[in-house]
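The lines below spell out each chain.
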Amino acid sequence: MFEQFKAKATGVGAELHRFPTRSDALDFILQFLEREGMADAPGSRAVWAKSPFLEGLERRDLREIPGLSFEVSRQSAAQAKFGISQMEWALADTGSLVQDQSEVEQRLVSSLTGIHIALVPSGNILDGKSALFSRINPHTSSYIAFITGPSRTADIERVLTIGVHGPDRLLIVFVDELGGETA
Amino acid sequence: MKKEFKAAINRAVNDANLTGALGKFSEAYKVNRTKAYEGIDFEALRSRIAEAKSAAACHLDEVADVFQKKAEALGAKVYRTRDPQEVKEYILRVARERGVKSVVKSKSMATEEIHLNPFLEKNGIKVAETDLGEWIIQLAGTTPSHMVMPAIHMTKEEVAELFSKEIDERLTTDIPRLVKVARNELRPRFLEADMGITGGNIAVAETGSIVLVTNEGNARLVTTLPEIHIALIGVEKLVEKFESVAPILDALPRSATAQLLTSYVSIITGPGLNDDGSQKELHIILMDNRRTEMAADPKFKQALQCIRCGSCLNVCPIFRLVGGHVFGAVYTGGIGTILTAWFDELQKSEDIQGLCIQCGNCKEVCPGKLDIPEMIMEIRRRLVQNKGQSLVQKAIFGVVNNRKLFHGMLRAASVAGKPFTSGKFIRHLPLFLSELTNGRSLPAIAAEPFRDLFPKIKQPKCQEKAVFYAGCLIDFAYPETGVALVKLLNKAGIEVAFPQEQTCCGAPALYNGAYEVAAQNAQDNIAVLLQQGATYVVSACPTCTVALAHEFGKTLESVGRGEWLDRARELSAKTVDLSTLLKRLVDEGRLSFREKEDLGKITYHDSCHLKRTLKVAEQPRELLAKAGYELAEMHECDMCCGMGGSYSMKLPEISAPILKSKQQNIKDTGAPLVAMDCPGCVLQIRGGFDQDGSSVRVKHTAELLAERLRD
Ligand code: SF4
Ligand code: SF4
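1. Some remarks on the overall build of chain A
Argument step 1. The helix and strand tally for chain A stands at six helices and twelve strands.
Argument step 2. Over its C-alpha atoms chain A spans a radius of gyration of 16 Å, differing by no more than 12% from the 16 Å that the globule rule assigns to 183 residues.
Argument step 3. Taking the principal axes of the C-alpha coordinates as reference, chain A spans close to 45 × 40 × 35 Å.
Argument step 4. A total of 183 residues make up chain A; the buried ones form 58% of that total.
Argument step 5. Of the contacts made within chain A by residues no fewer than 6 positions apart, 76% connect residues no fewer than 24 positions apart.
Argument step 6. Total accessible area on chain A is roughly 7,000 Å²; 47% of this is exposed by carbon and sulfur atoms.
Argument step 7. If you average the places of the 18 positive and of the 24 negative side-chain charges in chain A, the two averages end up 4 Å apart.

Structure below.
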């Protein structure tokens, strides 16, 4: 299923990575942010929304990295280049990620930023919508969000163009250690 | 047809940018859509959608009640109204109460339907469309030409020009750069807006949820950043169960833009919190605007199954030529014609309903299972009922209803070898022979019609009998097709009967909304065709076959002649098109062709009614291959040739370019010969090649097959 997901997600322009452990994934993310020019200046910052990934992680060091912040607000997200969040499900048939985004910060980091890095438990790849629909519940989630690739448009002469109002890059980082249903 | 309307059509078909862009898009769409649906049982999927939506449409009010209760329990405010004016006033009231100065909108056809933007702006509220296409047309001060791709009619040069003015900087036509300009310009508007307005692609009653499907990410911002969210939703978007969301999400992006899923889907259930921790205000407006009346009309209830994917426009041969604006300001294309007739008024659709050539392309791809051509016919019928027919039409159909007079006039016109161009009255006869030769020569009326030839044909005595229903074109213009048919069937041991009292199949009257005339034709034909007690009633004209097999019953029922229904059904069961019958006979070993001999390349044109109503496509191909031809498929083999009965006379400016591209596709195969199963298509396509002096031969399949019979 991972292979199918990978094919579909990269097919719509997402970038895919997979790591066995949280610390591998974290190393990758930090290197990526550095490489892409994260800095403590408007337009170069990174905001990281509440994620199970972070739970129990020694965050003191992380807080000292210039430009990286865990305080998500409309202002901080609007000025950030990177948004990091954890998404719960991956759908193999369409290459989509799904999450209960009732908490507004989850939406802010994944919609106002230029690059969205989505952490996903490797064990939560589902076949498709029918498997998903038995696992999501609108009664308890006021905002269920599906994200499939970066923001796109074809409104000018039908030419596919990436990055309109949402992120123009979507990095999907699977982490085996995060477990998931089928882990 | 009104003069301005004709002028608009002419402008559109002569706008090379428009027709070029739309043509290219529609060709690519077909391929991409097929790919997007790979591995999916489309018929099963659309049945699920149609059932879910139709179930909701059956009791809209109750479903809306459930939705309202549920959404209100979650803290949303639900406002329901039949009247578009009240929708606007409600939104303005909320805006005033909350001191709203600026609004951001994501794409919503419902707001276009009620012309919300100008209303809010007139009342001093700034409105920014944030969907790129909508923003472009907002800046241009025009209206959407397509429900999914509102600015598809505009070029990048025009967009660059508009954006340059907006940001006061000279921009080139670099599309990614133009998109960035939109992002940068609109970002502050999102952040400062006090109110976000969206539509809704689905509204789920049992959960009170609304579903938004977008690609650009603007709907997520519109529903997240401003403190107030108003969702304006037509009641046709209601479904009862949450489980119905999945099939609609399976179909909508695939049909709309050939995507497996759009970049973003948001399922919003009740108001959440704002980013400052305060409670968001969520208003959901369920708008009726005649949808309940539509649901109560047995002919139009199916229109509520529409999921607004726009695929019916993408495959429409007329839309690809004229674009959206010819249809009007809000909803365009075939579905737009229907919605305009209801949301505006029936009379408004008088001109645009005539744009539909009844090719059936849209019906085949519609994920909501709407029969658009049928609804357009119904509009035609009601228009005629309301207004009555024009005098000319009345006179014509008066003649058609009197078989002796009708056939007498055709005979009078049958002057050997001379094109049929006599008097004004006669050229309007539903034989579609006209002196309007726009890019197409017309056939001579045959020196001897089939009805006179037939008694001279010597037939063997056979066990089995078939009645041949010729139809006007074969009878009076192409009797050789009828002769070929008799030869083929005789060879298979079937004797052919040709009752002389058979008359026009009624299609011309029907397609012009003259149902009473068509019903009389149906009744007369049923009586004579059944009298023979034959095993088959066979026709070599798909339009006639469709009339006999499908339309007679419906037409008689619609004018209240229910006593004919049993006989109509009996006739329908016996009716078969020639290719299907021949294929069966070949399979049974009753008919065979001469030893294989290389006859060279041939290409095959699928006629609309044969392919899409009768679902016959393989049979003639297999027969031609068996007869020794090598099939070279043309590009878009099943695209309409532009004939459409009297369509080619009423709208030659549209019919001619459609014919041209058909001819080009035929020529591109390199085949010297093109076969088809419809005498109407033969008339159109042969006329086209005759006019441009090309050597491609155009033949009815029956004639080609008859040449290859064993002696
Ligand atoms: S009529 Fe059918 S094809 Fe056209 S927009 Fe509606 S659902 Fe789509
Ligand atoms: S039947 Fe053909 S011409 Fe009419 S709306 Fe549908 S696609 Fe267009």
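2. So, the overall build of chain B
Argument step 1. When its secondary structure is counted, chain B shows 34 helices and 18 strands.
Argument step 2. Its C-alpha atoms give chain B a radius of gyration of 28 Å, near enough to 27 Å, the size a compact globule of 711 residues would have.
Argument step 3. Each of the three principal axes of chain B carries a C-alpha extent, and together these read 90 × 55 × 50 Å.
Argument step 4. Burial statistics for chain B: of 711 residues in total, 64% are counted as buried.
Argument step 5. Restricting the contact set of chain B to residue pairs at least 6 apart, pairs at least 24 apart contribute 79%.
Argument step 6. Computing the positive centroid from 91 side-chain charges and the negative centroid from 88, chain B places the two 3 Å apart.

3. Some words on the packing of aromatic side chains
In this description, an aromatic ring pair is defined by two values, namely the gap between the centres and the angle between the planes.
Argument step 1. Inspection of every chain in the model, using the stated rule, returns 20 aromatic pairs over all chains.
Argument step 2. On the basis of an interplanar angle of 45° and a centroid distance of 5.8 Å, the ring pair of Phe 450 of chain B and Phe 454 of chain B is categorised as tilted. An identical accessibility class is assigned to Phe 450 of chain B and Phe 454 of chain B; each is buried.
Argument step 3. Ring pairs connect the aromatic residues Phe 19, Phe 28, Phe 32 and Phe 82 of chain A, which therefore count as one cluster.
Argument step 4. It is Arg 18 of chain A that lies over the ring of Phe 2 of chain A; its NZ or CZ is 4.6 Å from the centre.
Argument step 5. Its end group placed over the ring of Phe 42 of chain B, Arg 33 of chain B keeps NZ or CZ at 4.7 Å from the ring centre.

4. Observations concerning the pattern of salt bridges
Pairs can form between side chains of opposite charge whenever their charged atoms are close.
Residue and element names in this part refer to chain B.
Argument step 1. Evaluation of the coordinates by the stated rule reveals 51 salt bridges over all chains.
Argument step 2. The closest approach of N and O atoms between Glu 169 and Arg 177, which form a salt bridge, is 3.2 Å.
Argument step 3. On the basis of relative accessible area, Arg 177 is assigned to the partly exposed category, the value being 32%.
Argument step 4. Residue Lys 456 is joined to Glu 448 by a salt bridge in which the shortest nitrogen-to-oxygen separation is 2.1 Å.
Argument step 5. Residue classification places Lys 456 among the exposed residues on the basis of a relative accessible area of 57%.

5. Points about the nonpolar core
Argument step 1. Counting residues in hydrophobic clusters, the biggest one holds 114 residues, and the most contacted among them are Phe 146 of chain A together with Phe 67, Ile 284, Val 322, Ile 338, Leu 355 and Ile 654 of chain B.
Argument step 2. No other element matches helix α12 (residues 245–257) of chain B, which puts seven residues into this core.
Argument step 3. Both domains that furnish three or more residues to this core are identified here as domain 1 (6–291) and domain 3 (595–707) of chain B.
Argument step 4. Beyond its immediate chain neighbours, meaning those up to four positions away, Ile 284 of chain B contacts Phe 67, Ala 71, Ala 76, Lys 77, Val 78, Tyr 79, Ile 210, Ala 231 and Ile 233 of chain B.

6. Focus on the sheet that holds strand β6 (residues 96–100) of chain A
Argument step 1. The eight strands are arranged β8(A)-β5(A)-β6(A)-β9(A)-β9(B)-β6(B)-β5(B)-β8(B) in an open sheet whose pairing can be described as mixed. Looking at strand neighbours, the two that pair on one side only are β8 (125–126) of chain A together with β8 (238–239) of chain B, the edges of this open sheet.
Argument step 2. Sheet topology note: the strand β5 (residues 202–204) of chain B/β8 of chain B ladder contains two bridges and is parallel. The residue of β8 of chain B that forms the bridge with Val 204 of chain B is Val 239 of chain B.

7. Regarding the confidence of the model for chain B
Residues and elements named next belong to chain B.
Argument step 1. Taken as a whole, chain B shows an average pLDDT of 90; of its residues, 93% reach a score of 70 or greater.
Argument step 2. Every residue in residues 415–438 scores below 50 in pLDDT, and together they form 55 contacts with partners more than four places removed in sequence or on other chains.
Argument step 3. Here the complex is predicted with pTM 0.90, and the ipTM for its interfaces comes to 0.97.

8. Re the packing of helix α3 (residues 42–58) of chain B against α12 of chain B
All names here are of chain B.
Argument step 1. Interhelical geometry of α3 versus α12 gives an angle of 125° and a closest axis separation of 9 Å. As the angle between them shows, α3 and α12 are arranged oblique. Along this stretch, α3 crosses α12, giving a crossing that reads as left-handed. Residues Leu 45, Arg 48, Ile 49 and Lys 53 of α3 form the contact with α12, whose own contacting residues are Pro 247, Ile 248, Asp 250 and Ala 251.
Argument step 2. In the contact of α3 with α12, the residues fall into five nonpolar, no polar and three charged.

9. Here's the deal with the domain arrangement of chain B
Residue and element names in this part refer to chain B.
Argument step 1. Splitting chain B by domain gives domain 1 (6–291), domain 2 (398–585) and domain 3 (595–707).
Argument step 2. Distance from the C-alpha centre of domain 1 to the C-alpha centre of domain 3: 42 Å.
Argument step 3. Contacts between the two partners involve six residues from domain 1 and, on the opposite side, eight residues from domain 3.
Argument step 4. Carbon and sulfur atoms supply 51% of the area buried between domain 1 and domain 3, which totals about 600 Å² over both sides.
Argument step 5. Viewed at the interface, domain 3 and domain 1 are joined by two salt bridges.
Argument step 6. On inspection of domain 1 and its partner domain 3, the count reaches four residue pairs in polar contact (both at pLDDT 80 or more).
Argument step 7. Secondary-structure elements contributing two or more residues to the side of domain 1 that touches domain 3 are α1 (3–13) and α2 (16–36).
Argument step 8. Split by residue class, the side of domain 1 that touches domain 3 holds two nonpolar, one polar and three charged.

10. Observations concerning unusual backbone geometry
Residue and element names in this part refer to chain B.
Argument step 1. The backbone of Asn 289 shows a phi angle near 45°, a positive value even though the residue is not glycine.
Argument step 2. Tracing the backbone shows Asn 289 in the loop between β10 (281–287) and α13 (291–295).
Argument step 3. For Asn 289, a relative accessible area of 8% corresponds to the buried category.

11. Details of the interface of chain A and chain B
Argument step 1. Taken together, the contacts link 46 residues of chain A with 62 residues of chain B.
Argument step 2. Both sides together, the interface formed by chain A and chain B hides about 4,500 Å², and carbon and sulfur atoms give 58% of it.
Argument step 3. Summed over the three residues of chain A that lose the most area to chain B, namely Arg 74, Ile 156 and His 165 of chain A, the buried surface amounts to 18% of that side.
Argument step 4. Where chain A touches chain B, the interface holds four salt bridges.
Argument step 5. Linking Lys 129 of chain A and Asp 250 of chain B is a salt bridge whose minimum nitrogen-to-oxygen distance equals 2.5 Å.

12. Quick notes on the sheet that holds strand β1 (residues 77–81) of chain B
All names here are of chain B.
Argument step 1. A sheet is described by the order of its strands in space; here six strands give the open sequence β1-β10-β7-β4-β2-β3, paired in parallel fashion. Bordering the open sheet on either side are β1 and β3 (126–129), each of which pairs with just one other strand. Shown here is a sheet whose adjacent strand axes are inclined to one another by a mean of 20°, direction ignored.
Argument step 2. Strand contacts of helix α4 (residues 60–73): β1 and β10, with the helix running at about 160° to β1, the strand carrying the most contacts.

Rules of the game
- Residues numbered from 1 in each chain as written.
- Chains lettered and ligands numbered in written order.
- Predicted model: local features only at pLDDT ≥ 70, side-chain atom pairs only at ≥ 80, totals over all residues.
- Heavy atoms only, no water.
- Helix = DSSP H or I, 4+ residues; strand = E, 2+ residues; numbered from the N terminus.
- Rg over C-alpha atoms; globule rule 2.2 N^0.38 Å.
- Buried < 20%, exposed > 50% of the residue type's maximum accessible area, 1.4 Å probe, protein only.
- Contact = heavy atoms within 4.5 Å.
- Areas by Shrake-Rupley, 256 points an atom, 1.4 Å probe, with all protein chains shown as cover.
- Lys, Arg positive; Asp, Glu negative; His and termini not counted.
- Charge placed at Lys NZ, Arg CZ, Asp CG, Glu CD.
- Phe/Tyr/Trp six-rings, centres within 6.5 Å; stacked < 30°, edge-to-face > 60°.
- Lys NZ or Arg CZ within 6 Å of the ring centre and 35° of its normal.
- Salt bridge = Lys/Arg side-chain N within 4 Å of Asp/Glu carboxyl O.
- Core = buried A, V, L, I, M, F, W, Y, C linked by side-chain atoms within 4.5 Å.
- Domains from an automatic or database assignment.
- Pairing = 2+ DSSP bridges.
- pLDDT = per-residue confidence, 0-100.
- Axes fitted to C-alpha atoms, helices over the stretch in contact; angles between N-to-C directions.
- Parallel < 35°, antiparallel > 145°, perpendicular 65-115°, else oblique.
- Left-handed = near helix turned anticlockwise from the far one by under 90°.
- Nonpolar A, V, L, I, M, F, W, Y, C, P; charged D, E, K, R; others polar.
- Buried area = accessible area lost by both parts, 1.4 Å probe.
- Polar contact = N/O pair within 3.5 Å; in protein donor to acceptor, adjacent residues only side chain to side chain.

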